Amino acid sequence: MTIAPAPIAPAPIAVALDAPDLDTALHWAEAVGPHVSTLKVGLELYLAHGHDAVRRVRGAGGGRDLFLDLKLHDIPNTVAGAARSVAGLAPAYLTVHATGGTAMIRAAAEALPQTRITAVTVLTSMSEQDLGDIGLAGPALDAVRRLSVLSVAAGARALVCSPHEVAAVRAEVGPDIRLITPGVRPAGAALGDQTRVATPEQALADGADLLVIGRPLTGAADPGAAAAAIAAALSV
Ligand SMILES: O=C(O)c1cc(=O)[nH]c(=O)n1[C@@H]1O[C@H](COP(=O)(O)O)[C@@H](O)[C@H]1O
């Protein structure tokens, strides 16, 4: 009698479905859905195809958690309205830029209480040099910590930071806030435009709850197999 291998639980990965068209996004969602906990729909897909596409992608992926990455950043009244506009999609996560400040984050959290308003601290594509150029001189870690504390006080229930800062942020905000790290690259994978990066294993070991991974999966010849391989590596 052969004993079937125990099924591997979906990995704590949000796949970034940054696709140029809806068919590609549906294909990716179907392929990676069995292996991951979350599907991330961002501006590229949302702006071109809207709510209906988000619903279809989610269906193709087997109803995984929806991470709606719209990175809202505007005055509080406008952000509250935008948050209410996506309530029907029931996203598990909705991103806002932490630099929008306390009132803006609070407005989003009050407008969408069932969703984890997710504050993006300092984009993982930005280097220390980039931060200096926009007047945020000093180590990225300082800005990330400051924005994390402010965001949580304003009602954010999840934070996006790079794997480099996740341990320090965890120490700052405690166990109940979900920490999400993009800038995740399997060893040897192309960095693309990301600068503050680590491997999936390292990001989880340092305290991340959810890893955002896009091109290393969606750019693979077989995105489903690539997702299965990372999920298997993380489950050991
Ligand atoms: O909010 C995000 O998800 C995000 C924040 C951040 O600081 N850096 C970052 O890369 N992201 C998103 O994470 C995904 C990363 O994709 P890859 O670089 O292809 O793995 C993209 O969809 C980005 O929009």
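Residues numbered from 1 in each chain as written. Predicted model: local features only at pLDDT ≥ 70, side-chain atom pairs only at ≥ 80, totals over all residues.

> Tell me what's going on with the overall build of the chain, and back it up with residues and numbers.
Looking only at helices and strands, the chain features ten helices and eight strands. Relative to a compact globule of 236 residues, whose C-alpha radius of gyration would be 18 Å, the chain shows 17 Å and is just as compact. For the chain, the spread of C-alpha atoms along the principal axes amounts to about 60 × 35 × 30 Å. Evaluated residue by residue, the chain yields a buried proportion of 46% over its 236 residues. Sequence-distant contacts, at least 24 apart, represent 66% of the contacts inside the chain between residues at least 6 apart. (Helix = DSSP H or I, 4+ residues; strand = E, 2+ residues; numbered from the N terminus. Rg over C-alpha atoms; globule rule 2.2 N^0.38 Å. Buried ≥ 20, exposed ≤ 12 C-beta atoms within 10 Å, placed from the backbone. Contact = placed C-beta atoms within 7 Å.)

> Describe in detail the nonpolar core, supporting the description with residues and values.
Counting residues in each nonpolar core, the largest one holds 75 residues, and the members touching the most others are V15, L17, A108 and L159. For this core, the leading source of residues is helix α4 (residues 102-111), giving six residues. In this structure, L159 is in contact with T118, A119, T121, S148, S151, V169, V173, I177, L179 and I180, ignoring residues within four places of it in sequence. (Core = buried A, V, L, I, M, F, W, Y, C linked by C-beta atoms within 7 Å.)

> I'd like a description of helix α2 (residues 43-60), backed by residues and values.
With 18 residues, α2 should reach 26 Å at 1.5 Å per residue; the first-to-last C-alpha distance of 19 Å falls well below that figure. Along α2, the largest kink reaches about 120° and is centred on G50. Among all positions in α2, only L45, V54, V57, R58 and A60 are buried. At its buried positions, α2 is contacted by α1 (22-32), β2 (36-42) and β3 (65-72). G62 lies just past α2 and shows a positive phi near 85°. (Expected span 1.5 Å × (residues − 1). Bend = angle between axes of the 7 residues up to and from the residue.)

> Kindly report on the environment of L210, identifying the contributing residues and their values.
Along the chain, the position of L210 falls in strand β8 (residues 210-213). Taking the number of C-beta atoms within 10 Å as the measure of exposure, L210 has 26 and is therefore buried. Residues L210 and D133, 77 residues apart in the sequence, show an inter-C-alpha distance of 30 Å. Those residues in contact with L210 that lie beyond four places of it in its chain are P12, A14, T38, R178 and I180.

> Describe the sheet that holds β2, listing the residues and the values that go with them.
Around the barrel, eight strands lie side by side as β1-β2-β3-β4-β5-β6-β7-β8; this closed barrel has parallel pairing. Adjacent strand axes in the sheet meet at a mean angle of 25° when their direction is disregarded. Two strands pair when backbone bridges link them, and strand β7 (residues 178-181) and β8 are joined in this way by two bridges, in the parallel orientation. Among the inter-strand pairings, T181 is bridged to a residue of β8, identified as L211. Packing against the sheet, α2 makes contact with β2 and β3, and its axis sits at approximately 140° to β2. Here helix α7 (residues 166-173) sits on the sheet in contact with β6 (158-160) and β7, set at roughly 165° to β7. (Pairing = 2+ DSSP bridges. Axes fitted to C-alpha atoms, helices over the stretch in contact; angles between N-to-C directions.)

> Outline the environment of H97, listing residues and values.
Inspection of the secondary structure puts H97 in strand β4 (residues 93-97). When near neighbours in sequence (up to four residues on either side) are disregarded, H97 contacts K71, H73 and V120.

> Residue-level account of unusual backbone geometry, with values.
Glycine aside, the phi torsion of most residues is negative, and most peptide linkages are trans. Of note in the backbone geometry, K71 takes a positive phi value of approximately 40° without being a glycine. Structurally, K71 can be placed in strand β3. Even without a glycine there, the phi angle at A90 is positive, about 45°. A count of 13 C-beta atoms within 10 Å places A90 in the partly exposed class.

> Describe the packing of α1 against helix α10 (residues 223-235), naming the residues involved and giving the relevant values.
Relative orientation of the contacting elements α1 and α10 amounts to 35°, with a least axis distance of 8 Å. The two elements α1 and α10 cross, and the hand of that crossing is right-handed. Facing W28, A31 and V32 of α1, the residues of α10 in contact are P223, G224 and A227. (Left-handed = near helix turned anticlockwise from the far one by under 90°.)

> Account for the confidence of the model for the chain, with residues named and values stated.
Of the residues in the chain, 97% reach a pLDDT of 70 or more, and the chain-wide mean stands at 95. Reported confidences for the modelled complex are a pTM of 0.96 and an ipTM of 0.99. (pLDDT = per-residue confidence, 0-100.)

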